Amino acid sequence: MHAEAPGLGDRLAGAAVERPAVPRQQDRVPVPPRRSRPRGEQVPAGIRMLLETWSALPVVVAGRLCDVRAATPLAVALSPAHRPGANLAREVFLNDAVRTLHRDWDVTTAGLASTLRVAAGEDPGDPRLSALVGELSVHSERFRYLWARHDVRPKQGGRALLRHPQVGELDLRIEKLAVLGTNSLTMMCFHAEPGSPSAERLTLLASLTAAGPPAGTAAPSAAAEGAEELRHRLG
C-alpha cells in the first residue's frame, strides 16, 4: 500500500522556518525626531574684540542664511550690504545701490544662491529660509533662475570686483573662515594685493572711514588730511 500523501497543511508546517521574534515596544531603540538646528548665531566675544582691532581690514561675520552678525567699519564703508542686521542675499538681489556697486554682480548672486541651496539641504524645514527664498523669488527674476538650477557648490573664497563711489574700482580677494564653536558663522575677509592700485584705494577708504563725517568748523583730523593727500595722489 502507498502511504497517504501529506496534506497541504503538513507540507507548509514542515517547510516553516522559525521567524525572529518581533521586539517588544519597550525594547525598540527610539529614533529622535528631526529637529531644525538652533537659530541663535551669537558672535563670540573674542571675535568681536578682533574686529575692533582690524580697522584697516573689511571683515564681515555672517550666518548660514547670509545674515550679517558683525562687521568692521571699513566693511560697512565698502558696501551697505555689510551693515550688521542686513541680509547679504536680500541686499545684493534687491537693492539697486548694492547691485551697482558690484561689477561682478552675476558671479556674486550665483554664489549667494548656492549658499542658500546648501542651507536648504541642511535644514529644509527652516521657516526663516522659506520666507527669505519666497521673498527673493517674488521680487528677483535672477534669483528665480538661479534657484531653479539647484546649484549646491558654495564658494570657499573668491574675488570681489567693486565700483565704489568714493574710491573707484576695487579688485579684492575674499577669504572665508569658519568661526569654530558657533552655529555655522563664517568670517569673510576682503583684502587687496599688496602694492596694487586696489590696495591704495582700500587704504584711502580706510582713512576716509577713520576721519568720519565733517564736524562743522572743527579743524580736520590727521586721518582726514592723510585721506585727502592720498586721494590727490591717486588722481
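No experiment lies behind these values; they were computed from the predicted model shown.

J.: Can you walk me through the environment of arginine 163 in this structure?
T.: Examined against the element boundaries, arginine 163 turns out to sit in strand S3 (residues 157-164). Residue arginine 163 is classed as partly exposed on the basis of its relative accessible area of 44%. C-alpha separation for the pair arginine 163 and leucine 78, spaced 85 residues apart in sequence, amounts to 9.8 Å.

J.: How should I be thinking about the pattern of salt bridges in this particular structure?
T.: Pairs can form between side chains of opposite charge once their charged atoms are near each other. The full count for this structure, using the stated rule, is 11 salt bridges. A salt bridge links arginine 90 to glutamate 135, with the shortest nitrogen-to-oxygen separation between them at 3.1 Å. Of this pair, arginine 90 sits in helix H4 (residues 88-94) while glutamate 135 sits in helix H7 (residues 127-139), and the two are 45 residues apart along the sequence. Among the salt bridges present, the one from aspartate 151 reaches arginine 149, with a minimum N-O distance of 4.0 Å. Salt bridges sharing common partners tie together Glu41, Asp67, Arg69 and Arg128.

J.: It is not clear to me how helix H6 (residues 105-122) should be interpreted in this structure. Could you clarify?
T.: Each α-helix winds once per 3.6 residues, and so residues spaced three or four apart point in a common direction. For H6, built from 18 residues, the straight-helix expectation of 26 Å at 1.5 Å per residue is met to within 8% by its first-to-last C-alpha distance of 26 Å. The complete set of buried residues in H6 reads Trp105, Thr108, Thr109, Ala110, Gly111, Leu112, Ala113, Ser114, Leu116, Arg117, Ala119 and Ala120. Each element contacted by the buried residues of H6 is listed here: H4, helix H5 (96-101), H7 and helix H8 (141-148).

J.: It is not clear to me how the sheet that holds strand S1 (residues 59-62) should be interpreted in this structure. Could you clarify?
T.: Within a beta sheet, neighbouring strands are joined by backbone hydrogen bonds and run either parallel or antiparallel to one another. Here five strands make up an open sheet; going across it, the order is S2-S1-S5-S4-S3 and the pairing antiparallel. Taken across any chain shown, the strands that pair with only one partner, and hence form the sheet edges, are strand S2 (68-71) and S3. Across the sheet, the mean angle separating the axes of adjacent strands is 25° when strand polarity is ignored. The pairing of S1 with strand S5 (residues 186-191) spans four bridges and is antiparallel.

Parameters and conventions
Residues numbered from 1 in each chain as written. Predicted model: local features only at pLDDT ≥ 70, side-chain atom pairs only at ≥ 80, totals over all residues. Heavy atoms only, no water. Helix = DSSP H or I, 4+ residues; strand = E, 2+ residues; numbered from the N terminus. Buried < 20%, exposed > 50% of the residue type's maximum accessible area, 1.4 Å probe, protein only. Salt bridge = Lys/Arg side-chain N within 4 Å of Asp/Glu carboxyl O. Expected span 1.5 Å × (residues − 1). Contact = heavy atoms within 4.5 Å. Pairing = 2+ DSSP bridges. Axes fitted to C-alpha atoms, helices over the stretch in contact; angles between N-to-C directions.

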